[in-house]
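A structural walkthrough
Each chain, written out:
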Amino acid sequence: MPKDHAEVQVRAGTEADLDALTELYNHYVRETAVTFDTAVFTPEQRRPWLHSHPEDGPHRLLVARDVRSALILGYATSSPFRPKPAYSTSVEVSVYCAPDAAGRGIGTLLYKALFEALDGEDVHRAYAGIAQPNEASARLHARFGFQHVGTYREVGRKFGRYWDVAWYEKVLGKVLGNDLGKDLGSSG
């Protein structure tokens, strides 16, 4: 964790953050397989992504900013899991930290704030896909109660090789009772 949390501000992402957020994400596009995007983005190309995460609701963008330098240290998002209506109470979450901010607890701060923000929303499950190997991300997600639910083998090709993606799931909000068995006329 950062030594002084007061030096790191976590807040909703804004238009003023677009250049820095694009630069941060492009690092992962160019240098790693943690994202399966293969071409870097311009800020203008990333603008629709930014606007798809309003300040409230289930789809959020939170940024961590160093108060002294005003540099963006990382960001976390909750996005639609899939486009069909029945998936509306599920979100896909992700967190990206600036390369020089790794290991400082920024991801933990961002996820803590993100899950607190989602607490009052109509969301039931959060999912995270983690390109393998990525022990640091697996540990972060485990710390927040995510459970491994399966792995897609060699699902993405980047840098001339195939990559696996492990999928993790976390229960959010209140768990509704499931009387499906009764509805289907099962006996018991």
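For the structure, check the block above.
All figures in this text were calculated on a predicted structure; none of them were measured in a lab. (Residues numbered from 1 in each chain as written. Predicted model: local features only at pLDDT ≥ 70, side-chain atom pairs only at ≥ 80, totals over all residues. Heavy atoms only, no water.)

1. Structural notes on helix α3 (residues 106–118)
For α3, which comprises 13 residues, the first-to-last C-alpha distance of 18 Å matches the rise-based estimate of 18 Å (1.5 Å per residue) to within 8%. Along α3, the positions that sit buried rather than exposed are Ile-106, Gly-107, Thr-108, Leu-109, Leu-110, Tyr-111, Leu-114, Phe-115 and Leu-118. (Helix = DSSP H or I, 4+ residues; strand = E, 2+ residues; numbered from the N terminus. Expected span 1.5 Å × (residues − 1). Buried < 20%, exposed > 50% of the residue type's maximum accessible area, 1.4 Å probe, protein only.)

2. A closer look at the pattern of salt bridges
Counted by the stated rule, this structure contains eight salt bridges. A salt bridge links Asp-17 to Arg-11; the nearest nitrogen and oxygen atoms lie 2.7 Å apart. A salt bridge links Arg-47 to Glu-44; its shortest N-O distance comes to 2.2 Å. Of this pair, Arg-47 and Glu-44 both sit in helix α2 (residues 43–51), three residues apart, roughly one helical turn. Glu-44 gets classed as exposed once you look at its relative accessible area, which sits at 54%. Salt bridges sharing common partners tie together Glu-15, Glu-44 and Arg-47. (Salt bridge = Lys/Arg side-chain N within 4 Å of Asp/Glu carboxyl O.)

From the geometry alone we can't say anything about function, so treat these as descriptive.
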